[in-house]
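This is what each chain is made of:
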Amino acid sequence: MRTSIPHLAAVLATAACTGVAAQSPPGPTGEWQSAREWRLANPLGPAPAFAPRSRWRSTLDLQTDQRVALGRGKALALHADAVLAVERGDGDTNPSSSARLNALYASTSSDDWQLSAGRRIIGWDVGQGFRPNDVVQREERRPLLAATPQGRSVVQLEHFGTDDATSLVWVDPQRSPSEAALALRHYRRLGALDVHAHGHWSMAAGGNIGAALAWVASDAVELHASTRWLPARHQHQTLLGATWTGSTNLTVLGEVWHDGLASTSAARRNVYTRLAWPQEAWQLSADVLWQPADGGRVFGAGLRWQGDQWRAEAVWRVFGGPDSAVLHRTPWHQTGAVALTRSF
């Protein structure tokens, strides 16, 4: 029977702990969140009766890190991240519960090298609204409420230099050769400029290459760009962006991108703008996503309060545009949430 990589990490952890004492591991950390989410169905949508419903949702995200001595100055680092969730949709008689393992991996280091195996969260690239070179994780961008993503099963070999780092990742190695993939990233820092080179290959999709950069031009201005070319599909994904921060801490983010792999032609070209204004413990934000091909747009606004251990936030989004716009015919035309979070 084939052993999955997350199970492999657990086996390694068990074996390492046999006859070897952990070095006073700290207690688990994480956060608890209770949220009320609203989804107002769009009568123009494809199936308003089957659109996701409004719901109450509570989650407990637990993380733990341990180090196990192996002798001769070597150690095995273990990391786990699990989420327990309870939710109740409007109209449900009883709540439903679920559990998810976001991460479970083991890693060991030798000089400038590190080897990891298991389920791990690996996020790459420099964009905010879109990330062409996030080829391993494919993390959801612009979620309504931030949440820890679920990692992928990987074997990762990394090398770290003074101003550079290289990562080679075998993605989903327990699957068939046609489903598994190899991903490569090289990062180098050149003063105020960060440069990234990417490569990705699988039997199903062939090979593709990419590059990204981020430049801190001044105390107020940051510029970033990313592109990925897929020869087999004759398509590319490209993003250009900039961030400006004023003396009052007002931050303005602007990005434009082309996504040659978008599911609709309207979603290939996008313009995204976000404003964030923090004032002590409070932050007010607003953002707009516009698809110029058909005029579709999404307006969003949020308010957040951050204390030492508690966080409260409220967010709302409205989908609009001409009647023919794809974003005007989503399953819901408004969605929002309020959430209370405690970290520990």
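Calculation notes
Residues numbered from 1 in each chain as written. Predicted model: local features only at pLDDT ≥ 70, side-chain atom pairs only at ≥ 80, totals over all residues. Heavy atoms only, no water. Helix = DSSP H or I, 4+ residues; strand = E, 2+ residues; numbered from the N terminus. Contact = heavy atoms within 4.5 Å. Phe/Tyr/Trp six-rings, centres within 6.5 Å; stacked < 30°, edge-to-face > 60°. Buried < 20%, exposed > 50% of the residue type's maximum accessible area, 1.4 Å probe, protein only. Pairing = 2+ DSSP bridges. Salt bridge = Lys/Arg side-chain N within 4 Å of Asp/Glu carboxyl O.

Engineer: Kindly report on the side chain of histidine 198, identifying the contributing residues and their values.
Structural biologist: With respect to the helices, strands and loops of the structure, histidine 198 is situated in strand β9 (residues 193-202). Ignoring any residue separated from it by four or fewer positions in sequence, one finds histidine 198 in contact with Trp124, Asn133, Leu184, Arg185, Asn208, Ile209, Gly210 and Ala211.

Engineer: Tell me about the packing of aromatic side chains, and please be specific about residues and values.
Structural biologist: If you walk through the whole model with that rule in mind, you get 4 aromatic pairs. Here tryptophan 32 and tryptophan 310 contribute two aromatic rings whose centre-to-centre distance is 6.5 Å and whose plane-to-plane angle is 85 degrees, an arrangement assigned as edge-to-face. Of this pair, tryptophan 32 sits in strand β1 (residues 29-41) while tryptophan 310 is found in strand β17 (residues 310-320), placing the two residues 278 residues apart along the sequence. Here tryptophan 257 and tyrosine 272 contribute two aromatic rings whose centre-to-centre distance is 6.4 Å and whose plane-to-plane angle is 55 degrees, an arrangement assigned as tilted. Here tryptophan 257 is found in strand β13 (residues 251-259), whereas its partner tyrosine 272 is found in strand β14 (residues 269-279), with 15 residues between them in sequence. Each of the two residues, tryptophan 257 as well as tyrosine 272, counts as buried. Taken together, Phe130, Trp257 and Tyr272 form an aromatic cluster joined through their ring pairs.

Engineer: Lay out the pairing of strand β8 (residues 181-190) in plain terms, naming residues and giving numbers.
Structural biologist: Examined bridge by bridge, strand β7 (residues 164-171) and β8 share 8 bridges and lie antiparallel to one another. Note that in β8 the partner of serine 167 across the bridge is arginine 185. The hairpin formed by β8 and β9 contains 2 residues between the paired strands, and glycine 191 there has a positive phi angle of roughly 65 degrees.

Engineer: Please set out the pattern of salt bridges residue by residue, giving values where relevant.
Structural biologist: Evaluated as defined, the whole model comprises 12 salt bridges. Between aspartate 164 and arginine 188 there is a salt bridge, and its shortest N-O distance comes to 3.8 Å. Linking aspartate 164 in strand β7 with arginine 188 in strand β8, this pair joins segments that are 24 residues apart in sequence. Residue class for aspartate 164 comes out buried when judged on its relative accessible area of 17%. Because the salt bridges share partners, they merge into one network encompassing Glu37, Arg39, Arg55, Arg57 and Glu87.

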